[in-house]
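# Reading the structure
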Amino acid sequence: EICVGILGNMACFQDICMSISKDENLGQVLLQRLCDSDSPTLLETSRLLLTCLSQPEVANVWVERIRENPSVYDCVCFIMSSSTNVELLVKVGEVVDKLFDLDEELMLNWIKNGTCRSVGPSVDDSPEELPDFKIVPCILEAAKQVRSDNPEGLDVYMHILQLLTTVDEGIQAIVQAPDGGKDTWSLLYDLVCQELCQPDDPPIIVQEQKTVLASILSVLSAMFASQTEQEYTRMRKSKSCYFPLIRILQYMEGCGKRAVDNSKESEQEETGRTDVNEEDFHLKILKDICCELLSNMLQELTKENTLEGLHQGHLNEQTCSCAFQNLLPLYFASVESFLEVLREADQTLADNLEKRFPSLKVHT
């Protein structure tokens, strides 16, 4: 632990990081430390790897080295699926996130992996065969461990899931898991509906949670759009998370107005303008993802779903107006489809919305 920790501190300097990285024997020894059973040693090893992967000059060296060592996959999956050390899980997650971001080929290999066995850690230091790991269940298990204690760690694991959805193989790995994607959908649904951006939170919370929300909604959108007939598909029709999506859009409108005000106040400060522009960029990404998922969900709402939403207060003129304001004109077909269903459930509300949005009036 102490030796690897010292190397981690030294690797913060570019020249020393390059020397460490080019030493093939040392590189192999460090990767073998990922099979250690000692959590502090694993933490320091992960920290060192992340430091090296964050250096553009040597990142490819470590990516290639890790790609050539199948045991790294098993050791990382073992940690994510079995450790209760939140600090370790967050650091390992950051390593995986960085690896996937740097190299799509490695990510594809890990998605397809799970069939090769390797020697792993055991409490008595004797070799034992690790289980046949699959990457998605391991990521979910780690996310469940960190969700309550470390928001930054949850952000990391949600971004890993989002990176998986950037390739078809990743989406298939999620929706065709042994549980049919049920665990993934349940976890993300629960985070959106029960924990993030809640009604008793101030609207500014969407600024703090914008990256994790964008990752979660991106994965939900990819799952929702997939044409699978797995169990989670049936779940999505019985449980709609359209109402927190509308709340997110409402909160973003408030944040948008505040950003404009801040921009005017700091018009003479270059740094201030850059921060506002960056905030606007991330919020726009979140809004685009949110609108895409909401438009897909509105198209599948039935009369029964709509009546339930009206009864629970999730659907009213204010929330529907917010949704329409953000969805039109890009998602006109989705809004029009939802309005037809709404007309069957609440004619008065549908008429009022048509008055507020003339383009939706039915032409005969």
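What this report covers is the structure whose coordinates are included nearby. None of the values given here were measured: they were computed from a predicted structure.

## Some words on the state of the cysteines
What the rule picks out here adds up to one disulfide. In this model Cys-35 forms its disulfide with Cys-75; the gap between the sulfur atoms is 2.2 Å. Of note, the bridge from Cys-35 to Cys-75 carries an S-S torsion of about 55° and is right-handed in sense. Taken together, the residues Cys-35 in the loop between α3 (24–32) and α4 (39–53) and Cys-75 in helix α6 (residues 70–82) connect sequence positions 40 residues apart. Taking relative accessible area as the criterion, Cys-75 reaches 1% and is therefore assigned buried. Considering cysteine sulfurs only, Cys-291 is the nearest to Cys-322, which forms no disulfide, with 8.7 Å between them.

## Looking at the pattern of salt bridges
Enumeration according to the criterion identifies 12 salt bridges in this entry. Among the salt bridges present, the one from Asp-36 reaches Arg-33, with a minimum N-O distance of 2.7 Å. You can call Arg-33 partly exposed: its relative accessible area is 29%. Note that Asp-103 and Arg-67 form a salt bridge whose closest N and O atoms lie 2.8 Å from each other. Residue Asp-103 is located in the loop between α7 (86–102) and α8 (104–112), and its partner Arg-67 is located in helix α5 (residues 56–67); the two are separated by 36 residues in the primary sequence.

## Overview of empty space enclosed by the protein
Inspection of the entire model under this criterion finds one cavity of 30 Å³ or more. Lining the largest cavity, in full, are Leu-34, Ser-46, Leu-49, Ile-66, Val-72, Val-76, Val-92, Val-95, Leu-99 and Trp-110. For the lining of the largest cavity, the secondary-structure elements that each account for two or more residues are α4, α6 and α7. Here the lining of the largest cavity is composed, by residue class, of nine nonpolar, one polar and no charged.

## Remarks on the environment of Asp-190
Its location among the elements puts Asp-190 in helix α12 (residues 182–195). Every residue in contact with Asp-190, bar those within four places of it in the chain, is listed here: Arg-147 and Glu-195.

Quick notes on the rules
- Residues numbered from 1 in each chain as written.
- Predicted model: local features only at pLDDT ≥ 70, side-chain atom pairs only at ≥ 80, totals over all residues.
- Heavy atoms only, no water.
- Disulfide = S-S within 2.5 Å.
- Helix = DSSP H or I, 4+ residues; strand = E, 2+ residues; numbered from the N terminus.
- Buried < 20%, exposed > 50% of the residue type's maximum accessible area, 1.4 Å probe, protein only.
- Salt bridge = Lys/Arg side-chain N within 4 Å of Asp/Glu carboxyl O.
- 1 Å grid on protein atoms, 1.4 Å probe; cavity = no way out; pocket = protein on both sides within 12 Å on 5 of 7 lines; lining within 4 Å.
- Points joined across faces, edges and corners; volume = space filled by probe spheres on them.
- Nonpolar A, V, L, I, M, F, W, Y, C, P; charged D, E, K, R; others polar.
- Contact = heavy atoms within 4.5 Å.

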